[in-house]
Amino acid sequence: MSADRLLNTLGAWLLALVWILPLAYAVWTAIHPAAYEARFDLFAPLSLENFAKAWNAAPFGRYFLNTFVLVTVILFGQIVLCTLAAYAFARYQFPGRNVLFALVLMQLLIMPDILIVENYKAIRFLDLVDTIPAIALPYIASGFGIFLLRQTFMSVPKELEEAAQIEGMSTLGILIKVYMPLAIPTYLAYGLVSVSHHWNNFLWPLIITNSVETRPVTVGLSIFSAIDSGVEWSVINAATLMTSGPLLLAFLLFQRQFVQSFMRAGIK
Amino acid sequence: MLQTRSWIHAWLLLFPGLVFLIAFTHLPALTTLWSSFFTTPRGRRPAKWAGLENYETLIADPVFWKVLWNNAIYAAGTIPLSVVIALLMALWVNRQMVGRGFVRMAYFTPTVLPMIAVANIWMFFYTPGFGLIDQIGGAFGFAQTNILGSANSALWGVMVVTIWKEAGFFMIFYLAALQTIPTTLVEAARVEGAGSWTIFRRITLPLLMPTTLFVSINAVVNSFRMVDHIFILTGGGPDNASSLLLFYIYEVAFRFWDTAYAATLTVVLLVFLIVLAIGQFFLFDRKVHYR
C-alpha cells in the first residue's frame, strides 16, 4: 500500500519535472549572460541584461499596449452581447428559439479562426484592415459565452424575477440588478478564459495586422524571433518570457481561481 | 398581446449578438462554399464562375493530400497520448502527496503560455548541435540531430510540443470529473476487497467516460485549429512534411493570394467539422453508457 503510494508520488514528481523543464530552461537562459546559454553553472552571474536588450530591440511597450486594448475591447464586447443573448435564451419563449440556439452552438465547432479567408474579405470590405477592432470583431459574439451564461441564468430562481417585476422593474433592470450579480462567478471564469485565449491568439492577428501600431505581443514576438541572424537565444528567451509574463504572473498569483475557472468553463 | 411584446423583447436582446455571430461565423461559412466555385480575382480581372474547377485542382494537388495525411497523423498521434497523460496527471494530482501544489502548477503552466512563446522555447531545445536535446545526446555520445529539419521527424517534433501544451489543459476537466465521483462508491468497493486497479477499471474509468468523450472532441477540433507553433518551428517544411490543413490554407490565401483555392480547402475543413458535429450530436443523444 505504501510502496504503491511512494511509486505514485515519485511518478507524479518525475512527470512534473519533465513538464516544467522547458520553461525552467528558458528562465535559466533568460536571467544569465549569453555565454551561459548552453553551459550550466550553478554560480553563473545573474543578469537582467537580456530583458533590457529584448525590450530595446523591438517596440514591446507598444505591443503590450495593443494587446491590453485588444483583450479589454473583446472582453467588454463579449460580456455585453453574450449577457443579452443568454438572457433571451434563458428566460423567453419565442418562435425560432431552438433554431437560433442551434446557430449559437454551431460556433463551438466552427470558430472564426478557421474562416480566415472570408473574414479577411469582410474586414477589408469594412475598410478596417490593420486596426485593433478588426482583430476583435470576429470574436465579439462568442457562442461559448452565450452558452455558459445561459446555463447560469437558468439556475436563477424565477421567484426572484417575479418579485422584481412586482416592484415594477424593467426587463433590463432585472437583468442588471438580479441576474448579473448572481452570475459573477461565471463572469470571472469566462473573463479569465477569454483574456488568456485572446492574449495568446496568433493566426488571425498575424493576418489582419501589418504595422507596429496594431500588432499584439504574440505577433510582435514571432517577428522578433524570426530574425535569425544576430539575435542571441538568451535575448529571444527573455522576450518570450516577457510576452507571456503578465499571464504567467497572474496565473502564479491566482492559480486556484485559474484552475477552477477552467474547470467551471469546461463543465457543460 | 403580452406575448408579442415578450417576443419582441427577446428578439431585441438577441439581435446584437446574432448580427456578429452571423456576420463572422455563419455567413463566412456559406460564402466560403460560394467562393470555392469561382476563380480568384486578380488585378482588374474579376472572379469568374469556375464550377468544379477548384475541386479538380484539389484532387490533383499532391500537397493537399500530403497535408491531409499529416493532419491525420497529427490527430492520431497527439489525441490519444495527450488524453492518457491528462488522465494520469489528474489521477496523481487528485490524491494527497508531498508538493501537490507544485506538481499541479507544473502540469498546467504550459496551458497559460501563448503557443508562439511555447514554440520559441522548444525551438531552443531542437536547435541542431546547440539545443538541449543535442547537448544531452552528445554527452552520451549520440550523433547530432536535426529533428525539425528532416522530413521524417519534423511533424513528430511539432506533435511533442502539442502534447506538452494540451495535456495539462485536459487534466483540468478530468480533475473536475474525478471530484464528482462519490467517495462512498469507492469505499464500498474497497470493503468488498477490490484493489486499486479494479476500482480504477470498474468504477473510475467508466464514470469518466463522458469527460473522455468531451475531451476527445475538444482535442479533435484543436487538431484542426492549432497551427501557431508551426510558424516558428518549421514553417510547414521541409517540403510540407509538417504542414497541416489550416496552415496550408493560410499559405495558399495569404502567401500565394489564391483565395478561391483557399476557400476550397476551407470547405474540406468545414466538412470535417460538420461531420464531427453530427457525430457528436448522435453520441451525446444516446448518452455514454455507464457500466
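See the structure above.
Note that this is a predicted model, so its numbers are computed, not measured.

K.L.:
What's the story with the overall build of chain B in this structure? I'm lost.
P.N.:
The number of helices and strands found in chain B is 13 helices and 0 strands. What you see in chain B, going N to C, is helices and strands ordered as α-α-α-α-α-α-α-α-α-α-α-α-α. Here chain B holds 291 residues, and the buried ones make up 53% of them. Taking the intrachain contacts of chain B between residues at least 6 apart in sequence as the baseline, contacts between residues at least 24 apart amount to 67%. As displayed, chain B has an accessible area near 14,000 Å², and 68% of this comes from carbon and sulfur atoms. On chain B, the mean spot of the 18 positive side-chain charges and the mean spot of the 12 negative ones are 9 Å from each other.

K.L.:
Where do I start with the overall build of chain A in this structure?
P.N.:
Counting its secondary structure elements, chain A contains 14 helices and 0 strands. N-terminal to C-terminal, the α/β element order of chain A is α-α-α-α-α-α-α-α-α-α-α-α-α-α. One finds the centroid of the 15 positive side-chain charges in chain A at a distance of 8 Å from the centroid of its 15 negative side-chain charges.

K.L.:
Can you help me understand the packing of helix α2 (residues 49-57) of chain A against helix α13 (residues 233-253) of chain A in this one?
P.N.:
The relative placement of two packed helices comes down to the angle between their axes together with the axis-to-axis distance. All names here are of chain A. Put simply, α2 and α13 touch, their axes get as near as 8 Å, and they point 80° apart. Regarding the angle of α2 to α13, the classification is roughly perpendicular. Of the residues in α13, those touching α2 at Asn-50, Phe-51, Lys-53, Ala-54 and Trp-55 are Ser-234, Val-235, Ala-238, Ala-239, Leu-241 and Met-242. A class-by-class count of the residues in the contact of α2 with α13 yields 8 nonpolar, 2 polar and 1 charged.

K.L.:
Sorry, what's going on with the nonpolar core here?
P.N.:
Side chains that are nonpolar tend, in soluble globular proteins, to be buried together. Grouped together as the largest cluster of nonpolar side chains are 145 residues, with contacts concentrated most on A:Ile116 and B:Tyr107. When residues of this core are assigned to their parent elements, the largest contribution, 17 residues, is made by helix α7 (residues 154-178) of chain B. Dropping the residues within four chain positions of it, B:Tyr107 is found in contact with A:Ala12, A:Leu15, A:Ala16, A:Trp19, B:Met89, B:Trp92, B:Val93, B:Gly168 and B:Met171. Counting residues in hydrophobic clusters, the runner-up holds 31 residues, among them A:Val104, A:Tyr179, B:Leu18 and B:Leu21.

K.L.:
Would you take a moment to explain the packing of aromatic side chains for this structure?
P.N.:
The description of an aromatic ring pair uses the distance of the two centres, along with the angle that the planes make with each other. For the coordinates displayed, the defined rule picks out 42 aromatic pairs over all chains. Taking 5.7 Å as the distance between ring centres and 85° as the angle between the ring planes, the aromatic pair formed by A:Tyr25 and B:Phe125 counts as edge-to-face. Taken together, the positions of A:Tyr25 in helix α1 (residues 2-30) and B:Phe125 in helix α5 (residues 115-126) put the pair across two chains. The pair A:Tyr25 / B:Phe125 is uniform in exposure class, with both members buried. Centre to centre, the rings of A:Phe94 and B:Trp11 are 6.5 Å apart; their planes meet at 70°, and the pair counts as edge-to-face. Taken together, the residues A:Phe94 in the loop between α3 (60-91) and α4 (97-106) and B:Trp11 in helix α1 (residues 2-35) connect one chain to another. You can call B:Trp11 partly exposed: its relative accessible area is 38%.

K.L.:
Sorry, what's going on with the interface of chain B and chain A here?
P.N.:
Quite often, the size of an interface is put as the accessible area lost when its parts meet. Contacts between the two partners involve 87 residues from chain B and, on the opposite side, 83 residues from chain A. For the pairing of chain B and chain A, the buried interface totals around 7,900 Å² over both sides, and the portion due to carbon and sulfur atoms is 79%. Considering only the surface of chain B that becomes buried against chain A, B:Leu13, B:Phe24 and B:Phe124 emerge as the three largest contributors, covering 10% of it. Remark: the boundary between chain B and chain A carries 1 salt bridge. Residue A:Asp113 is joined to B:Arg225 by a salt bridge in which the shortest nitrogen-to-oxygen separation is 3.3 Å. Between the two partners, chain B and chain A, sit 17 residue pairs in polar contact (both at pLDDT 80 or more).

K.L.:
Whenever I open this one, the environment of B:Leu58 confuses me. Can you help?
P.N.:
Residues and elements named next belong to chain B. Mapped onto the elements, Leu-58 comes out in helix α2 (residues 53-60). For the pair Leu-58 and Leu-245, spaced 187 residues apart in sequence, the C-alpha to C-alpha distance is 12 Å. What Leu-58 contacts, discounting residues up to four positions off in sequence, is Phe-64, Trp-65, Tyr-261, Thr-264, Leu-265 and Val-268.

K.L.:
Is there a simple way to explain the pattern of salt bridges in this structure?
P.N.:
Pairing between side chains of opposite charge can happen when their charged atoms approach one another. All names here are of chain A. Taken as a whole and assessed by the stated rule, the structure comprises 5 salt bridges over all chains. In this structure, the salt-bridge partner of Glu-49 is Lys-53, at a minimum N-O distance of 3.8 Å. Taken together, the residues Glu-49 and Lys-53, both in helix α2 and 4 residues apart, mark about one turn of the helix. Judged by its relative accessible area of 35%, Lys-53 is partly exposed. With a closest N to O distance of 3.2 Å, Lys-121 and Glu-118 form a salt bridge. Here the residue Lys-121 and the residue Glu-118 both occupy positions in helix α5 (residues 116-125), the gap between them amounting to 3 residues, near one helical turn. A residue is classified by how much of its surface remains accessible, and Lys-121, at 28% relative accessible area, is partly exposed.

Rules behind the numbers
Residues numbered from 1 in each chain as written. Chains lettered and ligands numbered in written order. Predicted model: local features only at pLDDT ≥ 70, side-chain atom pairs only at ≥ 80, totals over all residues. Heavy atoms only, no water. Helix = DSSP H or I, 4+ residues; strand = E, 2+ residues; numbered from the N terminus. Buried < 20%, exposed > 50% of the residue type's maximum accessible area, 1.4 Å probe, protein only. Contact = heavy atoms within 4.5 Å. Areas by Shrake-Rupley, 256 points an atom, 1.4 Å probe, with all protein chains shown as cover. Lys, Arg positive; Asp, Glu negative; His and termini not counted. Charge placed at Lys NZ, Arg CZ, Asp CG, Glu CD. Axes fitted to C-alpha atoms, helices over the stretch in contact; angles between N-to-C directions. Parallel < 35°, antiparallel > 145°, perpendicular 65-115°, else oblique. Nonpolar A, V, L, I, M, F, W, Y, C, P; charged D, E, K, R; others polar. Core = buried A, V, L, I, M, F, W, Y, C linked by side-chain atoms within 4.5 Å. Phe/Tyr/Trp six-rings, centres within 6.5 Å; stacked < 30°, edge-to-face > 60°. Buried area = accessible area lost by both parts, 1.4 Å probe. Salt bridge = Lys/Arg side-chain N within 4 Å of Asp/Glu carboxyl O. Polar contact = N/O pair within 3.5 Å; in protein donor to acceptor, adjacent residues only side chain to side chain.

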